[in-house]
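# Tertiary structure, described
Residues per chain, in single letters:
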Amino acid sequence: LVITSYIREQYLAEAVESVLAQTYPHFELLIWDDGSQDGSLDIAYHYAELDPRIRVEAAQHQGLSPSLHNAIASTAYPYLGWVDSDDKLSPTALAETVEILEAQPQTGLVYTHYQIINADGEIQGLGERCHRPYSKKRLLVEFMTFHFRLIRRTVYDQVGGINPTFERAEDYDLCLRLSEVTQIQQLKRPLYFYRQHAGNVTNDE
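How each quantity is defined
Residues numbered from 1 in each chain as written. Predicted model: local features only at pLDDT ≥ 70, side-chain atom pairs only at ≥ 80, totals over all residues. Heavy atoms only, no water. Axes fitted to C-alpha atoms, helices over the stretch in contact; angles between N-to-C directions. Helix = DSSP H or I, 4+ residues; strand = E, 2+ residues; numbered from the N terminus. Parallel < 35°, antiparallel > 145°, perpendicular 65-115°, else oblique. Left-handed = near helix turned anticlockwise from the far one by under 90°. Contact = heavy atoms within 4.5 Å. Nonpolar A, V, L, I, M, F, W, Y, C, P; charged D, E, K, R; others polar. Disulfide = S-S within 2.5 Å. Core = buried A, V, L, I, M, F, W, Y, C linked by side-chain atoms within 4.5 Å. Buried < 20%, exposed > 50% of the residue type's maximum accessible area, 1.4 Å probe, protein only. Pairing = 2+ DSSP bridges. Arc of directions from axis to C-beta. Polar contact = N/O pair within 3.5 Å; in protein donor to acceptor, adjacent residues only side chain to side chain.

Further remarks concern the packing of helix H1 (residues 12-20) against helix H2 (residues 40-50). At their nearest, the axes of H1 and H2 sit 10 Å apart, and the two run at 25° to each other. Compared by their axis directions, H1 and H2 come out roughly parallel. Where H1 crosses over H2, the handedness of that crossing is right-handed. Contacts between H1 and H2 pair Leu 12, Ala 13, Val 16, Glu 17 and Leu 20 from the former with Ser 40, Ile 43, Ala 44 and Tyr 47 from the latter. Grouping the amino acids of the contact of H1 with H2 by side-chain chemistry returns seven nonpolar, one polar and one charged.

Encoded structure:
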C-alpha cells in the first residue's frame, strides 16, 4: 500500500492508523512524502518507528502523479493499492479485496464502494460513484472505479502504470488502460472513507 502525502499533517495519522488496523496483516505501507513543509514527515517517521511494515521516503516536491508513479515503482509486492493521505480504509478492506484477487486470477483490479466523510470524519453517506454499475463500455464515459482499488502488479506493469505527466485524473486513465487487458470486479461494500474538505484535489462527481 502507498500513501503519498503533501502538507497533510492534519489527516495523515488517521490514514496511517486505518492501514495499521487492517485485519489482513501481510502488507508493506510506503509513505511517500512529496516535499512537505509541515509536520507530515515527522508523523510518517513516528509511525515507521512503531511498525516495521512501514517505510518512509522523503522526496522533493513533484506533484501527485509523479509521486504516485515513483512510489509504486519502489515497491515489489504482487498486489498494490493506495490510500489518499486525507482518507481512511475500513479494517477489512485489504482482506476482502485480496480474497477476490486470489480467487479470481482473471481479475486484475477490484474496487470497492466508499463512504463520504466530512473534514471532521463524520459519515455523510455513500459516494455518488457507488450508484454507477461497472461495465467496460460505461467506463469510457463515466468514472466509477473509484476508491478503494487493489490491483494485480502484473497487469499494472503491463499497461505502464500511472502516467506521471497527468496533472489530475491519473487514476481514471490507469483504469481505462487496465480495462483493456484484464477483468475488473466491483465489490459492493463501502470499505473506504473519502474525505471532503477545502483542500481536496478532486470532488465526488
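Take the state of the cysteines next. Taken as a whole and assessed by the stated rule, the structure comprises zero disulfides. Cys 130 takes part in no disulfide bond, and the closest cysteine sulfur to it belongs to Cys 175, at a distance of 14 Å.

A few words on the nonpolar core. By size, the foremost hydrophobic cluster in this structure holds 55 residues, and its most contacted members are Leu 29, Trp 82 and Ile 151. With sequence-adjacent residues up to four places away left out, Leu 29 is seen in contact with Leu 1, Val 2, Ile 3, Val 16, Val 19, Arg 53, Ile 54 and Arg 55.

On a regular strand, one side chain projects to one face of the sheet and the next to the other, so that they alternate. Of the strand pairs in this sheet, strand E5 (residues 88-89) and strand E9 (residues 183-195) are connected by two bridges, and their pairing is antiparallel. Counterpart to Leu 89 in the pairing with E9 is Tyr 192. Pairing analysis gives nine bridges linking strand E6 (residues 107-117) to E9, with the strands arranged parallel. Looking at E9, one finds that Ile 117 is bridged to Arg 195.

Once that is clear, we can look at H1. Taken as a whole, H1 has its buried residues at Leu 12, Ala 15, Val 16, Ser 18 and Val 19. The buried residues of H1 all sit within an arc of 160° when viewed along its axis, so they share a single face. Next to the buried residues of H1 lie strand E1 (2-5), strand E2 (29-34), H2, strand E3 (54-59) and E5.

Positionally, His 113 belongs in strand E6. There is a polar contact of 3.3 Å between the side chain of His 113 and the backbone oxygen of Cys 130. Dropping the residues within four chain positions of it, His 113 is found in contact with Leu 126, Cys 130, His 147, Gln 186, Leu 187, Lys 188, Arg 189, Pro 190, Leu 191 and Tyr 192.

Read these as geometric descriptors, not functional statements.
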